[in-house]
Amino acid sequence: MLCRPANCGVTVLAPAKLNLFLRIVARRSDGFHEIESVMAAISLYDTLTFELSESEDVELKVIDASPRSRHELPRLEAPAGPSNLVVRAAMLLKEYAGCRQGARICLVKRIPSSAGLGGGSSDCAAALGALNRLWNLGLPNAKLSELAGRLGSDVPFFLADSSIALCSGRGEKIEPVRVSTSLHFVVAKTSSGLSTPAVYRACQPDNTGQNVDLFLKSIQAGAICRMAQRLHNGLQPPAETLSNDVRRLRSLFEQQPVVGHQMSGSGSAYFGICRTRQQAVKVASHLRAAGIPWVRVVRSCP
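Our subject in this report is the structure included herewith. (Residues numbered from 1 in each chain as written. Predicted model: local features only at pLDDT ≥ 70, side-chain atom pairs only at ≥ 80, totals over all residues. Heavy atoms only, no water.)

**Regarding the overall build of the protein chain**
- Across its full length, the protein chain holds nine helices and 12 strands.
- Over its C-alpha atoms the protein chain spans a radius of gyration of 19 Å, differing by no more than 12% from the 19 Å that the globule rule assigns to 302 residues.
- Expressed as lengths along the three principal axes of its C-alpha atoms, the size of the protein chain is roughly 55 × 45 × 35 Å.
- A total of 302 residues make up the protein chain; the buried ones form 54% of that total.
- Contacts spanning at least 24 positions in sequence make up 73% of the contacts within the protein chain whose residues lie at least 6 apart.
- Taken as a whole, the protein chain presents about 13300 Å² of accessible surface, with 48% of it coming from carbon and sulfur. (Helix = DSSP H or I, 4+ residues; strand = E, 2+ residues; numbered from the N terminus. Rg over C-alpha atoms; globule rule 2.2 N^0.38 Å. Buried < 20%, exposed > 50% of the residue type's maximum accessible area, 1.4 Å probe, protein only. Contact = heavy atoms within 4.5 Å. Areas by Shrake-Rupley, 256 points an atom, 1.4 Å probe, with all protein chains shown as cover.)

**Some thoughts on helix H8 (residues 244-254)**
- Along H8, the residues that are buried comprise Val246, Leu249, Leu252 and Phe253. Projected onto a plane normal to the axis of H8, the buried residues spread over an arc of 125° and lie on a single side.
- Where H8 is buried, its residues touch strand S8 (184-189), helix H7 (236-242), strand S10 (260-263), strand S11 (270-274) and helix H9 (277-289).
- You can read the cap of H8 off the contacts: a side-chain oxygen lies 3.2 Å from the backbone nitrogen of Asp245, and it is on Ser243. (Arc of directions from axis to C-beta. Polar contact = N/O pair within 3.5 Å; in protein donor to acceptor, adjacent residues only side chain to side chain.)

**A look at the sheet that holds S8**
- Reading across from one edge, S10-S11-S8-S12 is the order of the four strands in this open sheet, with antiparallel pairing throughout. For this open sheet the edge positions go to S10 and strand S12 (294-299), each flanked by a neighbour on one side alone. Between one strand axis and the next, the sheet turns by 20° as a mean value, whatever way the strands run.
- Both S8 and S11 contribute to a ladder of five bridges, which runs antiparallel. Counterpart to Val186 in the pairing with S11 is Gly272.
- Those strands touched by H8 are S8, S10 and S11, and its axis lies near 15° from that of S11.
- The strands touched by H9 are S8, S11 and S12; relative to S12, the strand with the most contacts, the crossing angle is about 175°. (Pairing = 2+ DSSP bridges. Axes fitted to C-alpha atoms, helices over the stretch in contact; angles between N-to-C directions.)

**Regarding the pattern of salt bridges**
- The final tally for this structure, using the stated rule, is 12 salt bridges.
- Between Glu51 and Arg104 there is a salt bridge whose closest N-O contact spans 3.4 Å. Here the residue Glu51 occupies a position in strand S3 (residues 33-53), and Arg104 occupies one in strand S5 (residues 102-109), the gap between them amounting to 53 residues.
- Judged by relative accessible area, Arg104 falls into the partly exposed class, the value being 29%.
- Residues joined by salt bridges that share partners form a network here, namely Arg28, Asp30 and Glu34. (Salt bridge = Lys/Arg side-chain N within 4 Å of Asp/Glu carboxyl O.)

**Overview of the nonpolar core**
- Membership of the largest hydrophobic core comes to 41 residues, with the highest contact counts inside it found for Phe50, Leu93, Leu128, Leu131 and Trp135.
- Among the elements of the structure, strand S2 (9-27), S3, strand S4 (58-64), helix H1 (85-97), S5, helix H2 (119-134), helix H3 (141-151) and strand S6 (164-168) are those that each provide at least two residues to this core.
- Sorting elements by how many residues they give to this core places H2 first, with eight residues.
- Sequence-distant contacts of Leu93, defined by excluding residues within four places in its chain, comprise Leu128, Leu131, Asn132, Trp135, Leu137, Leu139, Leu144 and Leu147.
- With 31 residues, the next largest nonpolar core counts Val177, Phe215, Ala228 and Ala269 among its residues. (Core = buried A, V, L, I, M, F, W, Y, C linked by side-chain atoms within 4.5 Å.)

**Focus on the packing of aromatic side chains**
- By the definition in use, this model includes four aromatic pairs.
- Judged by centre distance (5.7 Å) and plane angle (45°), the rings of Phe21 and Phe215 are tilted. Within this pair, whereas Phe21 is found in strand S2, its partner Phe215 is found in helix H5 (residues 212-220), the two being separated by 194 residues in sequence.
- Judged by centre distance (5.8 Å) and plane angle (85°), the ring pair of Phe185 and Phe271 falls under edge-to-face. One end of the pair, Phe185, is in strand S8; the other, Phe271, is in strand S11, with 86 residues separating them in the sequence.
- Against the face of Trp135 rests Lys94, its NZ or CZ located 5.6 Å from the ring centre.
- The cationic tip of Arg170 hangs over the ring face of Phe32; the distance from NZ or CZ to the ring centre is 4.8 Å. (Phe/Tyr/Trp six-rings, centres within 6.5 Å; stacked < 30°, edge-to-face > 60°. Lys NZ or Arg CZ within 6 Å of the ring centre and 35° of its normal.)

Functional significance is not addressed by these values, which are geometric in nature.
Listed below in structure tokens is the structure:
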């Protein structure tokens, strides 16, 4: 999350994320799942601007800034009312801190929804951090992370002091992972999305499967090819049963010269790891030529 002043306000770049490793360990009695996941923030951003309001109200304006062509995705749909995670974050912060200030918020959306890229969670984390600053609340990051966990399992990751982290519990326990090299990705999505609850309902927990420690050793050593061989997403098999498009993306990526590929989160976005940005640009061109409507070349955030 990148934050900078903006004429008596605060502007924040909220990054998307990829799940490089995701094991579903067990179902919990509270309806969530125990997971082990290695998440990486990437250079695809929503932009949020926060300004003080004359009233105590929280006002949100949402702008879809995704580039458009006849092949692109439908317009992004993000509610501007109380159901939006940005507004929920602001109201929770006001309630916790006893704050009587308001804010005008503008959210410029570039991260597609229902994609497993964490756009809503990242926007939510950005709101907590920016409003803590705008309203001069002085809450420590540990408290913001606790509030973030109430709003969504992925939200604490975006407040972490690391662009790559091991996330456990239901996702709220964060351990930074230090990586010395940038990772280059091609991320693709068709026009359809997937419901996170539906994918989780269809998944089978695996408490004896892929070992995240081996994955972490590979990524920390900068052994990209070995890391790519250990990519894992326990939600991909159920997602493929629910979506022909996920199966189509897997088939297309299998034909590309990437070192590894898989779905991110609960889908439906899919990504490939490339050795260089130049290679990623070439793969992206092939995917666009195959008719995939949304393709981006990104890297891991510093």
